[in-house]
Amino acid sequence: MKMKKVAVLALVSLLFGLSFFALFTPVYAEQIVGVKEGDWMEYDITVTGAGSLPPSHDVRWMRIEILSVDGVMFPVNVTVRYANGTLGSAIWTYNFTEGLTGGWTIIPANLDPGDTFFDCSPFATVTVHCEEQRTVLGATRVVTSGSDELRQIKEWDKATGVFIGSVETKQAFTNKDGWYFDNLTMTIRATGTNMWNRQILGFEQSVFALVISSLVFVVVLSVSALCIWQKKKLINLSLRYPILTKKSIPAVIIIGVVVFAYIVIPAFWMNRGLSDAEVNMIMQSVWMSLILASISFRKSGNNFIHGFLMTAVVIATLISFASVLFMWTPSDSANTVAVYFSSTTKLAEFIAHGIFSIPALAFGVWFVALWRPNSTTFPVRSRRIVKLLLIMWGLSYLVGVLGYIVDYTTLLGIIY
């Protein structure tokens, strides 16, 4: 009987101890990994205020890319650009069970307000404070936020757990390395990702740009065919107005079309939230369709419109290229290098595009230098140049389209 009492007392003590331990042990929400291999996010970082950051922490741009996922553990390639233009790269290991969250850059997915996750540096339990719907990078997302006594509020995309932005201020603060922060504010904002796309008219935004590009070809080539078919009516129209010569009406129309395409189209689509890459996709389709229209006029015997239209497109393209170079900064160069050398796929795209686009522009310049509006020998002299220009420009456009599809869509089943 005495042994039974001792056994019962020991069992009760054990149960009480376990209950007490459970009472003071933090309970974390389910550790769900919301990212997958190939997911990436890019950020711009601005620093304002008095004082300065140590060179090893003075980062102005960052890109994170998921290399693989194994349970709750996954390595991430982190590429940064420092204020002095140099690049750095490292592999960070994330493990939600061990509290490795990379400074809260990726946390467990689908955490609700009141849920917690473990952060091993510092050893702490972090509570999600609130959530709200917000437009992030063109899409409606649920955004959560959290903080602790050392770190100010950071925001995450709830579905993926990926960090999307923060504003942090350091005032009269000395870090563990002895570096003194006077009064600095660091603002971090996500600028690009392949994890989601905004939808326009039922299409993902990146695919929508391809749809618009296809419509450009249909409209431009249809109008060109109509002009060729109604050639006599257009000539009669020019004869009704003595102030206009026979060739002035098409020249004015061509100039208007090119100026409209060069100025109005990019502004229109950028104001509607399309990215630089998506607007560039549309613009390259505009130039390619106008070149094909130019070739169709050449085939129909209208060498004036052919030459004038080709010259206008080449000059507009050269102006665009020159304006980009003129506004190019060392930081832009560093950013471009970081992106294109981040994978063999991007590097291959960059090299292939250069192989075709540089000769295409060179043949375009050659064409412009040779063209004379009233020349009777120009069609024969320019035959080979036009053929090479069309081939190179077409291949450059094709490489650009394929690169765009691989980088910004999943139409080919490739996750980059």
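Because the structure is a prediction, the values reported are computed rather than measured.

**Student:** Please clarify how the overall build of the protein should be interpreted in this entry.
**Tutor:** When helices and strands are tallied, the protein shows 10 helices and 12 strands. When each of the 416 residues of the protein is scored for burial, the buried share is 41%. Here the protein has roughly 23000 Å² of accessible surface; of this, 66% comes from carbon and sulfur atoms.

**Student:** Would you take a moment to explain the pattern of salt bridges for this structure?
**Tutor:** Pairing between side chains becomes possible if they bear opposite charge and their charged atoms approach one another. Tallying each qualifying case throughout the model produces 9 salt bridges. Of the charged contacts, one joins Arg63 and Glu42 as a salt bridge, the two residues approaching to 2.7 Å between their closest N and O atoms. On the criterion of sequence distance, the pair formed by Arg63 in strand β2 (residues 59-66) and Glu42 in strand β1 (residues 40-50) is long-range, its members being 21 residues apart. Note on Arg63: relative accessible area 3%, which makes it buried. Through salt bridges with shared partners, a single network forms among Glu42, Arg63 and Glu65.

**Student:** Where do I start with the confidence of the model for the protein in this structure?
**Tutor:** Any residue range with low pLDDT should be treated as having predicted coordinates unsuitable for detailed reading. On average, residues of the protein score 79 in pLDDT, and 76% of them reach the 70 mark or higher. Taken as a whole, residues 5-25 scores under 50 in pLDDT and shows 0 contacts with residues more than four places along the chain or in a different chain.

**Student:** What is the right way to look at the packing of helix α2 (residues 205-229) against helix α5 (residues 276-299) in this model?
**Tutor:** Two measures define how a pair of helices packs: the angle their axes make with one another and the distance between the axes. Close contact between α2 and α5 brings their axes to 9 Å; oriented N to C, the two are set at 20°. Our classification of the angle between α2 and α5 gives roughly parallel. Viewed along their axes, α2 and α5 form a crossing whose handedness is right-handed. Classifying every residue of the contact of α2 with α5 by side-chain character gives 17 nonpolar, 7 polar and 1 charged.

**Student:** Any chance you could explain the environment of Leu210 here in plain terms?
**Tutor:** Within the element layout of this structure, Leu210 appears in helix α2. Accessibility expressed as a relative area gives 15% for Leu210, which makes it buried. Sequence separation between Leu210 and Val279 is 69 residues; the distance between their C-alpha atoms is 10.0 Å. Sequence-distant contacts of Leu210, that is, excluding residues within four places in its chain, are made with Met281, Tyr404, Ile405 and Leu411.

**Student:** For this particular structure, what's the right way to read the side chain of Glu349?
**Tutor:** Relative to the elements of secondary structure, Glu349 occurs in helix α8 (residues 344-370). We classify Glu349 as buried; its relative accessible area is 15%. Glu349 has contacts with Val399, Gly403, Val406 and Asp407, leaving out every residue within four places of it along the chain.

**Student:** Is there a simple way to explain the packing of α2 against helix α10 (residues 383-408) in this structure?
**Tutor:** Running from amino to carboxyl end, α2 crosses α10 at an angle of 155°, the nearest separation of the two axes being 10 Å. By the criterion of interaxial angle, the relationship of α2 to α10 is roughly antiparallel. Handedness of the crossing formed by α2 with α10: left-handed. In this structure, α2 uses Gln205, Ser206, Ala209, Leu210 and Phe217 to contact α10, whose residues at the interface are Tyr397, Tyr404, Ile405 and Tyr408. Split by residue class, the contact of α2 with α10 holds 7 nonpolar, 2 polar and no charged.

**Student:** Just checking my understanding: could you explain the environment of Ala139 for this structure?
**Tutor:** Summarising the element assignment, Ala139 is placed in strand β7 (residues 139-147). Of the residues examined, Ala139 reaches a relative accessible area of 9% and is grouped as buried.

**Student:** What exactly am I supposed to notice about the packing of aromatic side chains here?
**Tutor:** Inspection of the entire model under this criterion finds 12 aromatic pairs. Between Phe74 and Phe96, the ring centres sit 5.6 Å apart and the planes meet at 80°, which makes this aromatic pair edge-to-face. Here Phe74, found in strand β3 (residues 73-82), pairs with Phe96, found in the loop between β4 (87-95) and β5 (116-120); they are 22 residues apart in sequence, far enough to count as distant. Relative accessible area serves as the criterion here: at 0%, Phe74 is assigned to the buried category. Residue classification places Phe96 among the buried residues on the basis of a relative accessible area of 2%. Between the aromatic rings of Phe308 and Trp371, the centroid separation amounts to 6.0 Å while the plane-to-plane angle is 80°, which identifies the pairing as edge-to-face. Of this pair, Phe308 sits in helix α6 (residues 303-327) while Trp371 sits in the loop between α8 and α9 (378-381), and the two are 63 residues apart along the sequence. Cluster of aromatic residues (ring-pair linked, three or more members): Phe74, Tyr94 and Phe96. Between Arg63 and the ring centre of Trp40, over which it is positioned, the NZ or CZ distance is 4.6 Å. Its guanidinium or amino end placed over the ring of Phe163, Lys154 lies 5.2 Å from that ring's centre, counting from NZ or CZ.

**Student:** Is there a simple way to think about α2 in this case?
**Tutor:** An α-helix turns once every 3.6 residues. As a result, residues three or four positions apart point the same way. A rise of 1.5 Å per residue sets the reference length of α2, with its 25 residues, at 36 Å; its end C-alpha atoms lie 36 Å apart and thus fit the reference within 8%. Buried within α2 we find Gln205, Ser206, Val207, Phe208, Ala209, Leu210, Ile212, Ser213, Val216, Phe217, Val220 and Ser224.

**Student:** I tried to follow the nonpolar core on my own but got confused; where do I start?
**Tutor:** Looking at soluble globular proteins, one finds that nonpolar side chains tend to be buried together. With 50 residues, the main nonpolar core has Trp269, Trp287, Phe367 and Trp393 as its most contacted residues. Put simply, the parts of the chain that give this core at least two residues each are α2, α4 (248-270), α5, α6, α8 and α10. Looking at this core, the element that brings in the most residues is α5, giving 12 residues. When residues no more than four places from it in sequence are discounted, the contact partners of Phe367 are His306, Gly307, Met310, Thr311, Phe378, Ile385, Val386 and Leu389. Listed in part, the 33 residues of the second largest apolar core include Tyr43, Val78, Trp104 and Ala190.

Here is what the cut-offs are and how they apply
- Residues numbered from 1 in each chain as written.
- Predicted model: local features only at pLDDT ≥ 70, side-chain atom pairs only at ≥ 80, totals over all residues.
- Heavy atoms only, no water.
- Helix = DSSP H or I, 4+ residues; strand = E, 2+ residues; numbered from the N terminus.
- Buried < 20%, exposed > 50% of the residue type's maximum accessible area, 1.4 Å probe, protein only.
- Areas by Shrake-Rupley, 256 points an atom, 1.4 Å probe, with all protein chains shown as cover.
- Salt bridge = Lys/Arg side-chain N within 4 Å of Asp/Glu carboxyl O.
- pLDDT = per-residue confidence, 0-100.
- Contact = heavy atoms within 4.5 Å.
- Axes fitted to C-alpha atoms, helices over the stretch in contact; angles between N-to-C directions.
- Parallel < 35°, antiparallel > 145°, perpendicular 65-115°, else oblique.
- Left-handed = near helix turned anticlockwise from the far one by under 90°.
- Nonpolar A, V, L, I, M, F, W, Y, C, P; charged D, E, K, R; others polar.
- Phe/Tyr/Trp six-rings, centres within 6.5 Å; stacked < 30°, edge-to-face > 60°.
- Lys NZ or Arg CZ within 6 Å of the ring centre and 35° of its normal.
- Expected span 1.5 Å × (residues − 1).
- Core = buried A, V, L, I, M, F, W, Y, C linked by side-chain atoms within 4.5 Å.

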